[in-house]
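# Survey of secondary and tertiary structure
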Amino acid sequence: MLTKRLGIDPLAGELPASLETGHVRIDRDHRQLLALLGELRRICRDPGGLPDCATCSADQQLACEGRLIVLLGDLFSCILEHFAGEELLMRDAQMQLAEGEHYAAHIEDHAAIAQKVQELVARLDIVHTVERIRELDGLLARWVANHIEMHDDLLVRWLAKRGIPGAAV
Ligand SMILES: [Fe+2]
Ligand SMILES: [Fe+2]
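What counts and what doesn't
- Residues numbered from 1 in each chain as written.
- Chains lettered and ligands numbered in written order.
- Predicted model: local features only at pLDDT ≥ 70, side-chain atom pairs only at ≥ 80, totals over all residues.
- Helix = DSSP H or I, 4+ residues; strand = E, 2+ residues; numbered from the N terminus.
- Buried ≥ 20, exposed ≤ 12 C-beta atoms within 10 Å, placed from the backbone.
- Core = buried A, V, L, I, M, F, W, Y, C linked by C-beta atoms within 7 Å.
- Contact = placed C-beta atoms within 7 Å.
- Axes fitted to C-alpha atoms, helices over the stretch in contact; angles between N-to-C directions.
- Parallel < 35°, antiparallel > 145°, perpendicular 65-115°, else oblique.
- Nonpolar A, V, L, I, M, F, W, Y, C, P; charged D, E, K, R; others polar.
- Expected span 1.5 Å × (residues − 1).
- Arc of directions from axis to C-beta.
- pLDDT = per-residue confidence, 0-100.
- Left-handed = near helix turned anticlockwise from the far one by under 90°.

### A word on unusual backbone geometry
In this model, Gln-94 sits at a positive phi of 55°, which is unusual for a non-glycine residue. Looking at the element boundaries, Gln-94 is found in the loop between α3 (58-92) and α4 (95-98). The exposure class of Gln-94 is exposed, given the 11 C-beta atoms found within 10 Å.

### Quick look at the nonpolar core
Ranked by size, the top nonpolar core spans 17 residues in total, and within it Leu-33, Leu-37, Ile-133, Leu-140 and Val-144 carry the most contacts. Sorting the residues of this core by element identifies α2 (24-43), α3 and α6 (129-161) as the ones contributing at least two each. The element that contributes the greatest number of residues to this core is α6, accounting for eight residues. Once residues within four sequence positions are removed from consideration, Leu-33 is found in contact with Cys-78, Leu-140 and Val-144. Within the second largest apolar cluster, eight residues are counted, among which are Leu-89, Tyr-103, Val-156 and Leu-159.

### Points about the packing of helix α5 (residues 100-122) against α6
When two helices pack together, their arrangement is given by the angle between their axes and by how far apart the axes lie. Packing of α5 against α6 leaves a shortest axis separation of 11 Å and a crossing angle of 170°. Compared by their axis directions, α5 and α6 come out roughly antiparallel. Listed contacts from α6 to His-102, Ala-105, His-106, Asp-109, Ile-113, Lys-116 and Leu-120 of α5 are Arg-132, Glu-135, Leu-136, Leu-139, Trp-143, His-147, His-151, Leu-154 and Leu-155. Tallied by class, the residues present in the contact of α5 with α6 amount to eight nonpolar, four polar and four charged.

### Regarding α2
Between its first and last C-alpha atoms α2 spans 29 Å; for 20 residues at 1.5 Å apiece the expected length is 28 Å, and the two agree. Ile-26, His-30, Leu-33, Leu-34, Leu-37, Leu-40 and Arg-41 are the residues of α2 that are buried. For α2, the angular spread of buried residues about the axis comes to 105°, placing them on one side. Exposed residues on α2 whose side chains face more than 90 degrees from its buried face are Val-24, Arg-28 and Arg-42.

### Things to note about the confidence of the model for the chain
Averaged over all residues, the pLDDT of the chain equals 91, while 91% of them reach at least 70. Looking at the elements of the chain, mean pLDDT is at its lowest for helix α1 (residues 2-5), recorded as 52, and at its highest for α3, recorded as 97.

### Comments concerning the packing of α3 against α6
Running from N to C, α3 and α6 point in directions that differ by 15°, and their axes come no closer than 13 Å. One finds that α3 runs roughly parallel with respect to α6. Taken as a pair, α3 and α6 cross one another with a handedness that is left-handed. Facing Gln-61, Cys-64, Glu-65, Leu-68, Glu-86, Leu-89 and Met-90 of α3, the residues of α6 in contact are Thr-129, Arg-132, Ile-133, Asp-152, Leu-155 and Leu-159.

Below is the structure:
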């Protein structure tokens, strides 16, 4: 799975040091996200190998889909709260005035991630749960690797330069 190729081990429950931004609340949220990624990978007995869910019993299919739906609910509330928190930090620090392009790109990426999760929810189907799990794994792994490096790190460094509490110096 993509998480392995990116060197991220969600089952270890820790962010790789390279993904620590130094902002206490942001890093805590990212750890929670990684824990959800770990939970996602425990839903199916073979998320990397099964083409679909047709070889599993109807009871198993129901159980897996139910677990994925619960996880998606947790994930969606986790990401919306997290994105809103980062966006509030940016607005409070008036980042839109000093770094308008970064500010807009960061918010756009949040919206794109939330939209992709919503699209995935709309495509849930009991015999294709394993494919949705793979897609979600890829989406979350790319977010953890790319978004944090590209946007969150920059935000925290920018806040730190202005001496905003909670950010690394
Ligand atoms: Fe972000
Ligand atoms: Fe973030």
